[in-house]
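Secondary and tertiary structure notes
Each chain, letter by letter, is given below.
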Amino acid sequence: MAGNTSRVASLASLRLPIESHVLQAFVSEAIKPFISCVVTFGAGHFYISQSDKGGLVFGGDIDGYNSYAQRGNLPMVEDVCQSGMALMPALGRVRVLRSWGGIMDMTMDGSPIIDRAPLEGLYINAGWCYGGFKATPASGYCFAHLLARGEPHETARAYRLDRFATGHLLDEKGQGPQPNLH
């Protein structure tokens, strides 16, 4: 449902603790081999890698407000580029060719939900924020376990939906329940 989990859940009269935000990504002109892995910069919420065609693929923080716009805003472009320059000053000489914005789900504590919904037969695997595509193998394994056995896998026990009602939020980054900081 990527970015539309709350909308889909509302069709079943469920209100989930998830917001939808735009996350922008950028591609530069092709350059000689520069990076051979994915580099992340936690101090600036920045990531970068190099494609097979030589373009640098990078991005950073979410836009600071809820949106389904599928395009970002210029202050966030500046923020991402500043983070990149702080990490790798040589990026200042590379031209950006294109950018796009994608919608992503963000839970209030920045951690996903892998659980049964309050409706019989409905399951939730959502709210992956920034890291969903990287966590797909593990989340798929845990979700399959939940579907097959009706109980969460030990690895995913903390990712229950009821943590938001009981106050047992996850604070893996130590930043509190503020979505724009995750």
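The written sequence of each chain sets the order in which its residues are numbered from 1. For a predicted model such as this one, the threshold for reporting local features is a pLDDT of at least 70, and the threshold for listing and counting side-chain atom pairs is 80 or more; totals across whole chains, interfaces and linings nevertheless cover every residue. To get the side-chain values, take all heavy atoms of the structure and skip hydrogens and water.

1. A closer look at the pattern of salt bridges
Salt-bridge detection follows one rule: a side-chain nitrogen of Lys or Arg within 4 Å of a carboxyl oxygen of Asp or Glu. All told, the structure shown has three salt bridges when counted by the stated rule. Of the charged contacts in the structure, one is a salt bridge between R95 and E29, with a shortest N-O distance of 3.0 Å. Here R95 is found in the loop between α2 (74-87) and β5 (96-107), whereas its partner E29 is found in strand β1 (residues 18-30), with 66 residues between them in sequence. A salt bridge links R163 to D109, with the nearest nitrogen and oxygen atoms 2.8 Å apart. Here R163 is found in helix α4 (residues 163-166), whereas its partner D109 is found in the loop between β5 and β6 (113-116), with 54 residues between them in sequence. Numbered from the N terminus, helices here are DSSP runs of H or I no shorter than four residues, and strands are runs of E no shorter than two.

2. Overview of α2
The periodicity of an α-helix, 3.6 residues per turn, causes residues three or four places apart in sequence to face the same way. Expected span, for any helix, means 1.5 Å times one less than how many residues it has. The end-to-end C-alpha distance of α2 is 20 Å, a good match for the 20 Å that 14 residues give at a rise of 1.5 Å each. When a residue's accessible area, from a 1.4 Å probe over protein chains only, is under 20% of the maximum for its type it is buried; when over 50% it is exposed; and in between it is partly exposed. Regarding α2, the residues found buried are M76, V80, S83 and G84. The arc enclosing the buried residues of α2, seen along the axis, measures out at 100 degrees, which places them on a common side. Across α2 from its buried face, at more than 90 degrees, point the exposed residues L74, P75 and A86. Contacts made by the buried residues of α2 are with β1, β2 (39-41), β3 (46-50) and β4 (55-66). N or O atoms closer than or at 3.5 Å make up a polar contact, with two conditions inside protein: a donor-capable atom paired with an acceptor-capable one, and, for residues adjacent in sequence, both atoms drawn from side chains. Near the N-terminus of α2, the side chain that reaches the backbone nitrogen of M76, with its oxygen 3.0 Å away, is that of N73. In this context, the arc is that of the directions from the helix axis out to the C-beta atoms. The contact definition used throughout considers only heavy atoms, calling two residues in contact when any of these lie within 4.5 Å.

3. Examining the packing of aromatic side chains
In this analysis, rings of Phe, Tyr and Trp, with Trp reduced to its six-membered ring, are considered paired at centre separations within 6.5 Å, and the interplanar angle assigns stacked below 30 degrees, edge-to-face beyond 60, and tilted for intermediate values. Here the structure, examined in full by the defined rule, presents two aromatic pairs. Measuring from ring centre to ring centre gives 5.3 Å for F26 and F58, while their planes differ by 20 degrees; the resulting arrangement is stacked. Of this pair, F26 sits in strand β1 while F58 sits in strand β4, and the two are 32 residues apart along the sequence. The residues F26 and F58 share a single accessibility class, namely buried. Measuring from centroid to centroid gives 6.0 Å for F46 and F58, while their planes differ by 40 degrees, and the two rings are tilted. Placement of the pair is F46 in strand β3 and F58 in strand β4, with a sequence separation of twelve residues. Three or more aromatic residues joined by ring pairs make a cluster, and in this case those are F26, F46 and F58.

4. Considering the pairing of β3
Counted residue by residue, β3 has four buried out of five residues, so it is predominantly covered. A strand pair is defined by DSSP finding two or more bridges across the two strands. In this sheet, β3 lies alongside β2 in antiparallel orientation, the contact comprising three bridges. Counted as the bridge partner of T40 is Y47 from β3. Bridge analysis of β3 against β4 gives four bridges, and the strand direction is antiparallel.

Purely geometric stuff here, so don't read any function into it on its own.
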